[in-house]
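Residues per chain, in single letters:
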Amino acid sequence: MSLYHTARRVACAIIASAGLTAAAHAEMDLSGKTVEWVIPFSESGGSAKWANFYAPLLSEALPGEPTVVVKFMPGAGSTKGANWFQEQAKPDGMTIFGSSGSTQFPYLLGDPRVRYEYADWNVVLASGTGGVAYLPPDLAEKFDGDADDLKDIDFIYGSQGATRLDLVPLLAWEMLGMQVEPVFGIKGRGDGRLMFERGEANIDYQTSSSFLKGVTPLVEEGKAVPMMTWGALGVDGDIVRDPTFPDIPTFKEVCDATIGCLTEGEQWAAWKAFFIAGFPAQKMVFLPNGATDEMIETYSKAFQRVHARDDFADISKKRLGVYPQMTGEQAKATLEQGTQVPQAAKDFVVNWLEERYGVSLKK
């Protein structure tokens, strides 16, 4: 190796070392502090389980090991909590926000209740997830991989709202020709599961974390039967089987097997676009507008420490499923993916919402 290359390598190493030292010095000391993690849903859903999983790990990983308290602020399909975070959260590092696809969709669709702006926030964690639709045993007997024998059944579904993440299952079921009537107004997907358990609904879906903890016991007791997952996004952009539930068929597989359901054309393109915005980029943690680089660095590195734990892969698989957990530039790219959809897909969904549910979002 030449003296030039040797000197250059040493210089690069010194610069990198200095950068690491500077980054380490950039972290805040949160000793004796309490961090509030605001979740804009009820305490019974998948976002609650996600935040409750991460909160103690984040506490250990943050400098000074502050107390991390999960605070639930449900209402208006999560827009209430998001608006509060936009307007009132102080940029002192003591408040973080956990969003969901149900927070992203109203933003994407121009819901008039939205007063928050994702571009103002600072993402420090992005978590992918999946979703599983399931049926009671008596109706599951009529399902054999296609929905043809389910088309004459009147289904009831507990929904947070048609402009929320629920539009993914609602549109999927409609594409399958199923007659699913939503009961709007629940505050979280966990409340939809409770409706199913009480017999007030005969179809439901849960995100992966909520399904693993809340629905798996029902499956084991013979009270619920998985129907399909929404799938996962493959490296080539295709819908593939969910890695957490590899034995359950995807909606795409069920659609391909069902008469009249098409996995091409504008309806499929719209469903897939919102699936991508809502699930691979499903849950994110933000610091508010005005957060300093020091704060962002502190939280980003804390989540990186969590992910570097020897036991993280095992404990997260059991609680969250097998999905990417992203920080830094990957989290920023995921935020972009979750807050942008093609205009044609947006137009289709806006028209569908008005025609199907009387929800007018046209300007």
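Everything below is about the structure shown above.
Residues numbered from 1 in each chain as written. Predicted model: local features only at pLDDT ≥ 70, side-chain atom pairs only at ≥ 80, totals over all residues. Heavy atoms only, no water.

S.K.: If you had to explain the environment of Ala89 to someone new, which residues and values would you point to?
M.R.: Summarising the element assignment, Ala89 is placed in the loop between α3 (79-88) and β3 (95-99). Note: C-alpha distance between Ala89 and Gly290 (201 residues apart in sequence) is 9.9 Å. (Helix = DSSP H or I, 4+ residues; strand = E, 2+ residues; numbered from the N terminus.)

S.K.: How would you summarise the sheet that holds strand β2 (residues 67-72) if you had to cite specific residues and measurements?
M.R.: Taking strand neighbours across the sheet as the criterion, the 6 strands line up as β2-β1-β3-β12-β4-β13 in an open arrangement whose pairing is mixed. One side of each edge strand has no neighbouring strand; the edge strands of this open sheet are β2 and β13 (325-326). Taken together, the 3 bridges between strand β1 (residues 34-39) and β3 define a ladder with parallel strand orientation. Each bridged residue has a counterpart across the sheet, and for Glu36 the counterpart in β3 is Thr95. Strand contacts of helix α13 (residues 328-338): β4 (122-127), β12 (283-287) and β13, with the helix running at about 85 degrees to β4, the strand carrying the most contacts. (Pairing = 2+ DSSP bridges. Contact = heavy atoms within 4.5 Å. Axes fitted to C-alpha atoms, helices over the stretch in contact; angles between N-to-C directions.)

S.K.: Describe in detail the packing of helix α6 (residues 167-175) against helix α14 (residues 343-357), supporting the description with residues and values.
M.R.: The N-to-C vectors of α6 and α14 enclose an angle of 75 degrees; their axes lie 12 Å apart at closest approach. Compared by their axis directions, α6 and α14 come out roughly perpendicular. Packed against α6, whose contacting residues are Leu167, Leu170, Leu171 and Glu174, the element α14 presents Phe348, Val349, Trp352, Arg356 and Tyr357 at the interface. Class assignment of the residues belonging to the contact of α6 with α14 gives a composition of 7 nonpolar, no polar and 2 charged. (Parallel < 35°, antiparallel > 145°, perpendicular 65-115°, else oblique. Nonpolar A, V, L, I, M, F, W, Y, C, P; charged D, E, K, R; others polar.)

S.K.: Break down the state of the cysteines for me, citing the residues and quoting the values.
M.R.: Between two cysteines, a covalent bond joining their sulfur atoms is known as a disulfide. With the rule as written, the count across this model stands at 1 disulfide. The disulfide bridge from Cys255 ends at Cys261, spanning 1.9 Å between sulfur atoms. Disulfide Cys255 to Cys261: torsion about the S-S bond roughly -100 degrees, handedness left-handed. A relative accessible area of 7% means that Cys261 is categorised as buried. (Disulfide = S-S within 2.5 Å. Buried < 20%, exposed > 50% of the residue type's maximum accessible area, 1.4 Å probe, protein only.)

S.K.: Quick one: what's the story with a negative patch on the surface, residue by residue and with numbers?
M.R.: A contiguous patch of negative charge, built from Asp144, Asp149, Asp152, Asp154 and Glu181, is present on the exposed surface. Within the secondary structure, Asp154 is located in strand β6 (residues 154-159). Judged by relative accessible area, which is 62%, Asp154 ranks as exposed. (Patch = residues over 30% accessible without salt bridge, like charges linked within 9 Å, V, L, I, M, F, W, Y side chains within 5 Å. Areas by Shrake-Rupley, 256 points an atom, 1.4 Å probe, with all protein chains shown as cover. Salt bridge = Lys/Arg side-chain N within 4 Å of Asp/Glu carboxyl O. Lys, Arg positive; Asp, Glu negative; His and termini not counted. Charge placed at Lys NZ, Arg CZ, Asp CG, Glu CD.)

S.K.: Give me the lowdown on the sheet that holds strand β8 (residues 204-207), citing residues and values where you can.
M.R.: In spatial order, the strands read β8-β5-β9; together these 3 strands make up an open sheet with antiparallel pairing. One side of each edge strand has no neighbouring strand; the edge strands of this open sheet are β8 and β9 (225-229). Averaged over all pairs of adjacent strands, the angle between strand axes in this sheet comes to 35 degrees, irrespective of strand direction. Where strand β5 (residues 131-135) meets β8, 4 bridges bridge the pair, whose relative direction is antiparallel. Residue pairing across strands places Val132 opposite Gln206, the latter belonging to β8.

S.K.: Describe the packing of helix α2 (residues 46-61) against helix α8 (residues 208-220), listing the residues and the values that go with them.
M.R.: Look at α2 against α8: their axes get within 7 Å of each other, and the N-to-C directions meet at 90 degrees. Viewed along their axes, α2 and α8 adopt a mutual orientation that is roughly perpendicular. Counting all contacts with α2, which are made through Gly46, Lys49 and Trp50, the residues of α8 involved are Ser209, Ser210 and Lys213.

S.K.: Would you mind going over the packing of aromatic side chains in detail, with residue names and values included?
M.R.: Using the criterion set out here, one finds 33 aromatic pairs in the structure. Ring centres of Phe97 and Trp121 lie 5.4 Å apart, and the angle between their planes is 65 degrees; this geometry places the pair in the edge-to-face category. With Phe97 in strand β3 and Trp121 in the loop between α4 (101-109) and β4, this residue pair connects regions lying 24 residues apart in the sequence. Across this residue pair, the class does not change: Phe97 and Trp121 are buried. Here a set of aromatic residues connected by ring pairs shows up, and it is made of Tyr157, Trp173, Tyr205, Trp230, Phe251, Trp268, Trp271, Phe275 and Phe279. The lysine or arginine in question, Lys71, covers the ring of Trp84, its NZ or CZ lying 5.7 Å from the ring centre. (Phe/Tyr/Trp six-rings, centres within 6.5 Å; stacked < 30°, edge-to-face > 60°. Lys NZ or Arg CZ within 6 Å of the ring centre and 35° of its normal.)

S.K.: Lay out the side chain of Thr207 with the relevant residues and their values.
M.R.: Structurally, the position occupied by Thr207 is in strand β8. Setting aside chain neighbours within four positions, we find Thr207 in contact with Gly46, Thr129, Gly130, Gly131, Leu165, Phe279, Gln282 and Lys283.

S.K.: Outline unusual backbone geometry, listing residues and values.
M.R.: The backbone of Glu65 shows a phi angle near 45 degrees, a positive value even though the residue is not glycine. Tracing the chain through its elements places Glu65 in the loop between α2 and β2. In this model, Ser78 sits at a positive phi of 95 degrees, which is unusual for a non-glycine residue. Position of Ser78 among the secondary structure elements: in the loop between β2 and α3. Relative accessible area serves as the criterion here: at 1%, Ser78 is assigned to the buried category.

S.K.: Before we move on, could you go through the nonpolar core and cite the residues and values that matter?
M.R.: Judged by nonpolar contacts, the single largest core of 53 residues is most densely connected at Trp173, Leu176, Met178, Trp230, Phe251 and Trp271. No other element matches helix α10 (residues 266-278), which puts 8 residues into this core. When near neighbours in sequence (up to four residues on either side) are disregarded, Trp230 contacts Gly131, Ala133, Val168, Pro169, Ala172, Tyr205, Ile239, Phe251, Trp271, Phe275 and Phe279. The next biggest cluster of nonpolar side chains, apart from the first, holds 31 residues, and it includes Leu58, Leu62, Val70 and Leu287. (Core = buried A, V, L, I, M, F, W, Y, C linked by side-chain atoms within 4.5 Å.)

Take it as geometry only, folks, not as evidence of what the structure does.
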